[in-house]
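Understanding the architecture of this molecule
Each chain, letter by letter, is given below.
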Amino acid sequence: MVGWSGVVRGMRRGLRASETVVERVGRSRLPESWEGLELQGLQSDHMLEAEWDRERGWGRPLIRPYQKIQVPPSAAVLHSAAGVFEGMRARRGDDRRLRLFRPMANMERLLASAKRAGLGQAHWDPEQLYRSLCQLLWVDQAWVPDGQEGSVYIRPFLIGTEQDLLPPTAPLQRLRLYIVLLPTRGSLADQFRTTGLQRWASPQFQRTAGGGSAKMGAHYALYFQVRRLAEERGA
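Because the structure is predicted, anything quoted here is derived from the model rather than measured. All residue numbers here refer to positions counted from 1 along the written sequence of the relevant chain. In keeping with the model being predicted, local features are shown solely for residues with a pLDDT of at least 70 and side-chain atom pairs are shown and tallied solely at 80 or more, while totals for entire chains, interfaces and linings include all residues. Each side-chain value is worked out from all heavy atoms of the structure, with water and hydrogens disregarded.

**Some words on helix α2 (residues 103–116)**
Only DSSP runs of H or I with at least four residues qualify as helices, and only runs of E with at least two residues qualify as strands; both kinds are numbered from the N terminus onward. Between the first and last residue of a helix there are one fewer steps than residues, each counted as 1.5 Å, and that sum is the expected span. Taking 1.5 Å of rise per residue, 14 residues should cover 20 Å, and α2 covers 20 Å from first to last C-alpha, within 8% of that figure. Taken residue by residue, α2 has Pro103, Asn106, Met107, Leu110, Leu111, Ser113 and Ala114 as its buried positions. Angularly, the buried residues of α2 cover 160 degrees about the axis, an arc narrow enough to put them on a single face. Remark: Gly118 follows α2 within two positions and exhibits a positive phi of approximately 80 degrees. Exposure categories follow from relative accessible area, calculated using a 1.4 Å probe and restricted to protein chains: below 20% of the type maximum is buried, above 50% is exposed, and the middle band is partly exposed. This arc describes the spread of directions from the helix axis toward the C-beta atoms.

Next comes the structure, spelled out in C-alpha cells:
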C-alpha cells in the first residue's frame, strides 16, 4: 500500500508529484502489433495510486503494475456510491510526441466533482495531479497505438475506502485516487454511434440525478438500463 513520509503531527500533506514512486512490471503485456487487435478490455501495464488519510493527508503517489484493487466489502464506494471520475485522451502528433487537450480543465473538474460528492476534504493541487499523470504516461507511452485514430483513454477516479455500510454522517476519513490507461482507436462519437445511444432517449431518465455537472459513477450506472431498452427498440 502507498506510504506516507515526513508527516508532521497536526499537518496534512498535499499531493506531491515529485515524490512519485515507480514500480515497474517484470514482464510487459504490450502487444507486438496493434493491427487488427481487439482493444476492448485492454489496459496498459501500469496504473497510478495515491491514498489520502484525514489525519496524515496524501501519501506518496505510486506508479505500479496494473492489478486488482483491494477495498473492504463495507467500503463507502460500494454502499454509498462515494466515488467520482474523469475522462480524457492522449494522442501522438506527427513528431511522435504525446499531446493532451486542455488537461488542466479535466484535473480541475475532477476536484470540483469531488467537492460536489462530499469528497473535497482530500483537496489536491490539480497541477500536481497533472504532473503525476505525465509520469504515468511517460512510463506507458508505448501503449498509445500508432496512427491518427490511435489514442490512450485516461481515467482518473477517486473512491471512498472507509468502511461504512450506512450513508456517512461525517466526512470520510480514507479515500484513494487512481489513474488507469486504456489504448483506444477512433473517437467517443464513433463508439456511441455503434451503440445507438444517440438515437433513442426518454425523459424518464436523467443523467444528473441531483449531482449537477459532477462526474459520479452513480449517474452513469443508470445507462445500463437505458442501453438495454434502446437495444430492445432496435436503436
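Alright, that's what it looks like, and here's the rest.
**Quick look at the nonpolar core**
Among the nonpolar cores identified, the biggest contains 34 residues, and Trp58, Trp124, Leu129, Ile154, Leu158 and Ile179 are the most heavily contacted of them. Residue assignment for this core shows that the elements contributing at least two residues are β2 (46–53), β6 (88–92), α2, α3 (126–139), β8 (150–160) and β9 (174–185). In terms of residue count, the dominant contributor to this core is α3 (five residues). With residues up to four places along the chain from it excluded, the contact list for Trp124 reads Leu15, Trp58, Met107, Leu110, Leu111, Ala114, Leu129 and Leu158. The term nonpolar core refers to a set of buried residues drawn from Ala, Val, Leu, Ile, Met, Phe, Trp, Tyr and Cys, joined through side-chain atoms within 4.5 Å. Throughout, a contact is declared for two residues whenever any of their heavy atoms are within 4.5 Å.

**Quick word on the pattern of salt bridges**
Whenever Lys or Arg places a side-chain nitrogen within 4 Å of a carboxyl oxygen from Asp or Glu, that contact is recorded as a salt bridge. Following the criterion strictly, the structure yields 10 salt bridges and no others. Of the charged contacts, one joins Arg56 and Asp53 as a salt bridge, the two residues approaching to 3.6 Å between their closest N and O atoms. Judged by relative accessible area, Asp53 falls into the buried class, the value being 9%. In this structure, Glu127 and Arg131 form a salt bridge, with 3.1 Å as the shortest nitrogen-oxygen distance. Of this pair, Glu127 and Arg131 are both found in helix α3, four residues apart, which corresponds to roughly one turn of the helix. Under the relative-accessibility criterion, Glu127 is labelled partly exposed at 26%. Through salt bridges with shared partners, a single ionic network connects Glu51, Asp53, Arg56 and Arg174.

**What about the packing of aromatic side chains?**
Aromatic pairs are defined between Phe, Tyr and Trp rings, using the six-membered ring for Trp, whenever the two ring centres lie within 6.5 Å; interplanar angles under 30 degrees are classed as stacked, those over 60 as edge-to-face, and all others as tilted. Within the structure shown, the criterion is met by three aromatic pairs. On the numbers, 6.1 Å between centres and 70 degrees between planes, the contact of Trp34 with Trp143 is edge-to-face. With a gap of 109 residues between them, Trp34 in the loop between β1 (21–22) and β2 and Trp143 in the loop between α3 and β8 connect regions that are remote in the sequence. Trp143 carries the same exposure label as Trp34, and that label is buried. Relative to Trp124, the ring of Trp58 lies with its centre 6.1 Å away and its plane at 85 degrees, an arrangement referred to as edge-to-face. Of this pair, Trp58 sits in strand β3 (residues 57–58) while Trp124 sits in the loop between α2 and α3, and the two are 66 residues apart along the sequence. Trp124 sits in the buried class, given a relative accessible area of 1%.

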